[in-house]
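Chain by chain, the residues:
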Amino acid sequence: MVTMLDCIRRVQDRIHWMTEHRGEMFAPLEKAWSGKSDWNEVVLVGCGTSNTSAVTARYPMQKISGVRVTPVLPSELIREEAVRNPEALYVFISQTGTSVLTREALKWARGHGFDTLAVSESNQTPIAGEADAFLEMGCGYEEYPMRTIGYSTSVYVLVLLGLWIGEKAKRVLPEERDRFLMCALETADQIRPVVDQTLEWLERERRQMMRADCLVFTGSGSLYGVAMEASVKVWETPQIISFGYELEEGLHGPNYGYTQRHCVIVLNDGGPDNEKARALCAYMKNEKQNGFLIGKNPLDEHDLVIPCGKPLDCLLFAAVVQTLAYQLALCQGRDMTAPHDNRVMYSYFDTHNEMGAYRK
């Protein structure tokens, strides 16, 4: 039987597959926009994990493309008050291709003559044929509704989209492209060792997390998106109350409310916010006795050190928080193989069914 942990480990193979098949994946885009390279913005549109993957991919995608990247919720895009950029490429992300609001936003964008791209698990999903072009997400079939492969491959395919845009605009030279792809593969090859490392760490440290009233994840840059995704996965998988904050925002209000019942997990890649990340973690460790640092520059032996220093470190942090969510669920006795019966919830709302009801 395939476990959710098997899915997390499978990301390594999917990254290799996507890198090898990059040409055929981007062939539909070449066909749709063979002579175009003048987008001045890329707008990433999606809900749930599709949104958190967009927030995660934003900065590495922006850096390699040389174009502003803006994650937007579909509900924000179609609001009457919203101001939209007609010179942008609008990217609509849905793993199953059935997200009702994302498809509605796509229809709206096409109606206004914007360039639109759908990103989904296959070209057979409903959203795949509704945009100007389709880009395969690279996840393949994923056995669990708590998406792990889909999140990580969404991040990677969006960064590959940034690479493609950068190449088309001649802002990325062939040797820079090859160097970037080599780094991506090196990062992918660290995913399984990091998963094993995380399991060993949780054997020692999980009790403190499981005794907390909530888990709070925080990080900056692309790690903000990982923190958001961690909060989603921990709430839906072990069903522990969890929150995700951008590092600075986590110091503007929540810091006054932290108690010993709140476990704050700081994601730190050793970048520009290194000292800030370590200061928050030190505060939680010293004053509240409930904090951990994951990544670079640990404070003590209770922290988890993982490799950092490459453009796509976020994929390694994603593997850590995905493994954390899965393992805490097992430790709580949740049967991850039990079928999900959502019929009662769907009688109130169904975000992936055009006939879904919204009832009081």
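Reading the values: rules and limits
Residues numbered from 1 in each chain as written. Predicted model: local features only at pLDDT ≥ 70, side-chain atom pairs only at ≥ 80, totals over all residues. Heavy atoms only, no water. Axes fitted to C-alpha atoms, helices over the stretch in contact; angles between N-to-C directions. Helix = DSSP H or I, 4+ residues; strand = E, 2+ residues; numbered from the N terminus. Parallel < 35°, antiparallel > 145°, perpendicular 65-115°, else oblique. Contact = heavy atoms within 4.5 Å. Nonpolar A, V, L, I, M, F, W, Y, C, P; charged D, E, K, R; others polar. Phe/Tyr/Trp six-rings, centres within 6.5 Å; stacked < 30°, edge-to-face > 60°. Buried < 20%, exposed > 50% of the residue type's maximum accessible area, 1.4 Å probe, protein only. Core = buried A, V, L, I, M, F, W, Y, C linked by side-chain atoms within 4.5 Å. Pairing = 2+ DSSP bridges. Right-handed = clockwise from strand over helix to strand, strands pointing away.

(A) Examining the packing of helix α7 (residues 149-168) against helix α13 (residues 314-331) more closely. For the pair α7 and α13, interaxial distance at closest approach is 10 Å and the crossing angle is 170°. Taken together, the axis directions place α7 and α13 in an arrangement best described as roughly antiparallel. Touching Y151, S152 and V155 of α7 are C314, L315, A318 and Q322, all from α13. When grouped by side-chain class, the residues that make up the contact of α7 with α13 number 5 nonpolar, 2 polar and no charged.

(B) View of the packing of aromatic side chains. Considering all chains together, one arrives at 7 aromatic pairs under this definition. Where W201 meets F292, the ring centres are 5.6 Å apart and the plane angle is 85°; that geometry is what we call edge-to-face. With W201 in helix α9 (residues 191-211) and F292 in strand β9 (residues 291-295), the pair connects residues that are 91 residues apart, well separated along the chain. Taking relative accessible area as the criterion, W201 reaches 0% and is therefore assigned buried. An aromatic cluster of at least three residues, connected via ring pairs, comprises F26, W33, W39 and W164.

(C) Up close: the nonpolar core. By size, the foremost hydrophobic cluster in this structure holds 86 residues, and its most contacted members are V91, L117, L161, M209, L215 and L324. It is α13 that provides the largest number of residues to this core, a total of 13 residues. Ignoring anything within four residues of it in the chain, the contact list for L117 reads L29, W33, L89, Y90, V91, F92, A131, A133, F134, L135 and L161.

(D) Local environment of the environment of F217. Position of F217 among the secondary structure elements: in strand β6 (residues 214-219). F217 sits in the buried class, given a relative accessible area of 0%. The sequence separation of F217 and E246 amounts to 29 residues, and the corresponding C-alpha distance is 8.6 Å. Contacts of F217, omitting those with residues within four sequence positions, involve A227, A230, S231, V234, S242, F243, G244, Y245, I265, V321 and L324.

(E) Spatial organisation of the pairing of strand β8 (residues 262-268). When you tally the buried positions in β8, you get 7 out of 7 residues, the bulk of the element. Neither face of β8 is open: one carries H262, V264, V266 and N268, the other C263, I265 and L267, and all of them are buried. The sheet contact formed by β6 and β8 spans 5 bridges and is parallel. Each residue of the ladder has a partner; that of T218, found in β8, is V266. As for the winding sense of the linkage, the β-α-β connection from β8 through helix α12 (residues 274-287) to β9 is right-handed.

(F) Main features of the sheet that holds strand β1 (residues 41-45). On the basis of which strands lie adjacent, the open sheet formed by 5 strands has the order β2-β1-β3-β4-β5 and parallel pairing. Two strands in the sheet have a free side with no partner beyond their single neighbour: β2 (68-72) and β5 (133-136). Averaged over all pairs of adjacent strands, the angle between their axes in this sheet comes to 25°, without regard to strand direction. With 4 bridges joining them, strand β4 (residues 115-120) and β5 adopt parallel strand pairing. Bridge pairing in β5 places S120 opposite E136.

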